Amino acid sequence: MTLRHGRELLVMPGPTTVPDAVLNAMHRPAIDIYAGELLRITETCLAELRTVFATEHGVYIYAANGHGAWEAALSNVLSRGEQVLVLESGRFATAWGGMAQTLGVEVLTLQGSLRAAVDPARVEARLREDTARRIKAILVVQVDTSTGVINDIPSIRAAIDASGHDALLMVDAIASLCTMPFELDAWGVDVAVAGSQKGLMMPPGLSFCAAGPRAREAHQRADLRTRYWDWTQREGPEHYQKYCGTPPEHLLFGLEKALQLILEEGLDNVFERHRLLAGAVRRAVEVWSGGEALEFNILEPEQRADSLTTVRMCDGFEPKTLQAFCRDTCGVTLGAGIGELRDRVFRIAHMGHINAPMIFGALGSVELALSALELPHTGGGVEAAVRWLAAELGEQVSPSRSSTSEAPA
Ligand SMILES: *Cc1c(COP(=O)(O)O)cnc(C)c1O
């Protein structure tokens, strides 16, 4: 028996649900790429991307996924034989480092944990050891989508400053941009990358690179620059150069609409919506964890991201059966574990175009799976999520509550 007929719910951490308004904006014929509307769309998107990265400096749009933006970031500022320091906190910074290695960069890794954020004190200590100042850049992920951790970028910046080291700070904000605060200029981040298919509510296929002045300086000397990714080439006078070829028009139509939706909601409201929905998910997981089947992957509550929650199954329990039940019986696609956490965790994304009924639907389906599959857990997770949200929202709407309570019965 299956209950999956009806609209299906995708709660994997990318790609995420695309709003109908964004899909509709893309449903139109191709247009002139040399003049007219498309030039305006590019200018609007670049200006609005500067707003979401919180920078006044350069932003570049690539017809590529997040891996493309990784390569763009590395190749624009580094040279063969230079060193980078990868701050491990899951799969993604390490994979970014692996790409640097392939490009001919020497990669050092500050080993971390799959269950905790990067420790800024260890970053400071590691950089102090580099007395010859050979490390040219530090690679770190803001939200690691495999573990569900949020790294504290301003504290890492402070640790770099305290060490007196001048390495560039390069941040992967692919799973955090437009879900949690990120501020390139104010935080002193030199390069940041993001992708279209996570918090930005777009189909996959576009990625972005934002670069501050120190990165631009390094760019002048970088010998890994290639024709396609090169920032200088993309700043040429022709619109055509901004994309190093035919602009990905339809994705740009969608991006313009997605950015409009985000900025109309307001970035602070977007972050608050993510905080509330993430809090509801965490409340449910906390209750379910009362049994022996599962627990949070990230041990410290304040290190859990508002973009997704990684739930760890305990020894003897398989996430696969639970994921299959949610997909085949409920029509809910959860994220699977990746890398070292494959077959160990499942992931509930709460990023992008997501609202309360979607989250309650996802949580209700997971709780149904836990019950139907008789996995040892404490019930009442969904109810706890509802109550937690009611308390949070109740504070925000209390004036109307007091006025209705005064009304005659
Ligand atoms: C999704 C993701 C990537 C990779 O993006 P692709 O579009 O799949 O290439 C890199 N880093 C993080 C943190 C991600 O969440």
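Residues numbered from 1 in each chain as written. Predicted model: local features only at pLDDT ≥ 70, side-chain atom pairs only at ≥ 80, totals over all residues. Heavy atoms only, no water.

Undergrad: What should I look at first to understand the overall build of the protein chain in this one?
TA: Helix and strand counts for the protein chain come out as 14 helices and 14 strands. The globule rule puts the C-alpha radius of gyration for 409 residues at 22 Å, and the 22 Å found for the protein chain is close to it. For the protein chain, the residues scored as buried account for 54% of the 409 residues in total. Counting only contacts in the protein chain whose residues sit at least 6 apart along the sequence, the fraction spanning at least 24 positions is 73%. When the accessible surface of the protein chain is summed, it comes to about 16900 Å², and 52% of that surface belongs to carbon and sulfur atoms. Treating the 37 positive side-chain charges of the protein chain as one cloud and the 51 negative ones as another, the clouds have centres 4 Å apart. (Helix = DSSP H or I, 4+ residues; strand = E, 2+ residues; numbered from the N terminus. Rg over C-alpha atoms; globule rule 2.2 N^0.38 Å. Buried < 20%, exposed > 50% of the residue type's maximum accessible area, 1.4 Å probe, protein only. Contact = heavy atoms within 4.5 Å. Areas by Shrake-Rupley, 256 points an atom, 1.4 Å probe, with all protein chains shown as cover. Lys, Arg positive; Asp, Glu negative; His and termini not counted. Charge placed at Lys NZ, Arg CZ, Asp CG, Glu CD.)

Undergrad: Hey, could you run me through the sheet that holds strand β5 (residues 135-141) in this one?
TA: Through backbone hydrogen bonds, the strands of a sheet pair up, either in parallel or in antiparallel fashion. Taken together, the 7 strands give an open sheet; going across it, the order is β2-β10-β9-β8-β5-β3-β4, and neighbouring strands pair in mixed fashion. Lying at the two open borders of the sheet, with one neighbouring strand each, are β2 (58-62) and β4 (106-110). Geometrically, the sheet is characterised by an average inter-axis angle of 20° between neighbouring strands, direction not taken into account. (Pairing = 2+ DSSP bridges. Axes fitted to C-alpha atoms, helices over the stretch in contact; angles between N-to-C directions.)

Undergrad: Explain helix α13 (residues 356-372) to me, please; I cannot follow it from the model alone.
TA: Residues three or four positions apart in an α-helix share a direction because the helix packs 3.6 residues into each turn. Spanning 17 residues, α13 covers 24 Å between terminal C-alpha atoms, matching the ideal 24 Å at 1.5 Å per step. For α13, the N-terminal cap is asparagine 355; the gap from its side-chain oxygen to the backbone nitrogen of methionine 358 is 3.1 Å. (Expected span 1.5 Å × (residues − 1). Polar contact = N/O pair within 3.5 Å; in protein donor to acceptor, adjacent residues only side chain to side chain.)

Undergrad: Help me out: how do you make sense of the site of the ligand in this one?
TA: Surrounding the ligand, one finds 13 residues, the nearest of these being His67, Thr145, Asp172, Gln197 and Lys198. Side-chain polar atom of asparagine 65 to an oxygen atom of the ligand: 3.3 Å apart, as the coordinates give it. Lysine 198 is positioned such that a nitrogen or oxygen atom in its side chain is 2.6 Å from an oxygen atom of the ligand. Considered on its own, the ligand offers 380 Å² of accessible surface; in the complex 89% of this is hidden by protein. With 3 residues, the top contributor of residues to the shell around the ligand is helix α3 (residues 66-77). Of the residues assigned to the shell around the ligand, the class counts are 6 nonpolar, 5 polar and 2 charged. (Near = heavy atom within 4 Å. Nonpolar A, V, L, I, M, F, W, Y, C, P; charged D, E, K, R; others polar.)

Undergrad: Explain the domain arrangement of the protein chain to me, please; I cannot follow it from the model alone.
TA: In many analyses, interface size is given as the accessible surface area lost on bringing the parts together. Along its sequence, the protein chain is carved into domain 1 (9-15 + 267-394) and domain 2 (31-263). Here domain 1 and domain 2 have C-alpha centroids that lie 28 Å from each other. Buried area between domain 1 and domain 2, summed over both chains or domains, comes out near 2400 Å², and the portion from carbon and sulfur atoms is 64%. For the domain 1 face of the interface with domain 2, the top three residues by lost area are Leu267, Phe271 and Gln303, together amounting to 23%. At the boundary of domain 1 and domain 2, one finds 1 salt bridge. Residues glutamate 295 and arginine 115 are paired through a salt bridge, measuring 3.3 Å at the closest nitrogen-oxygen approach. Connecting domain 1 to domain 2 are 15 residue pairs in polar contact (both at pLDDT 80 or more). (Domains from an automatic or database assignment. Buried area = accessible area lost by both parts, 1.4 Å probe. Salt bridge = Lys/Arg side-chain N within 4 Å of Asp/Glu carboxyl O.)

Undergrad: What's the story with the side chain of threonine 310 in this structure? I'm lost.
TA: With respect to the element layout, threonine 310 can be found in strand β12 (residues 308-313). Owing to a relative accessible area of 3%, threonine 310 belongs among the buried residues under this scheme. At 3.3 Å, the side chain of threonine 310 forms a polar contact with the backbone nitrogen of glycine 148. In this structure threonine 310 touches Ser146, Thr147, Gly148, Phe296, Asn297, Val345, Phe346 and Arg347, once residues within four positions along its chain are discounted.

Undergrad: Would you mind showing me how to read the pattern of salt bridges here?
TA: Any two side chains of opposite charge can pair, on the condition that their charged atoms come close. Counted under the stated rule, the structure contains 23 salt bridges. Among the salt bridges present, the one from arginine 283 reaches glutamate 286, with a minimum N-O distance of 3.1 Å. Residue arginine 283 and its partner glutamate 286 are both found in helix α11 (residues 267-288); the two are separated by 3 residues, about one turn of the helix. Since its relative accessible area comes to 26%, arginine 283 is described here as partly exposed. Put simply, Arg4, Glu8, Arg327 and Asp328 are held in one network by salt bridges that share partners.

Undergrad: What is the right way to read the sheet that holds strand β13 (residues 332-336) from this model?
TA: With mixed pairing, 5 strands are arranged side by side in an open sheet as β1-β13-β14-β12-β11. Only two strands of the sheet have a single neighbouring strand rather than two, namely β1 (9-11) and β11 (294-296). Geometrically, the sheet is characterised by an average inter-axis angle of 35° between neighbouring strands, direction not taken into account. Here β11 runs beside β12; their pairing, made up of 3 bridges, is antiparallel. Bridge pairing in β12 places phenylalanine 296 opposite valine 311. Contacts from helix α12 (residues 319-330) reach β12, β13 and β14 (345-349), with the element oriented near 155° to β13.

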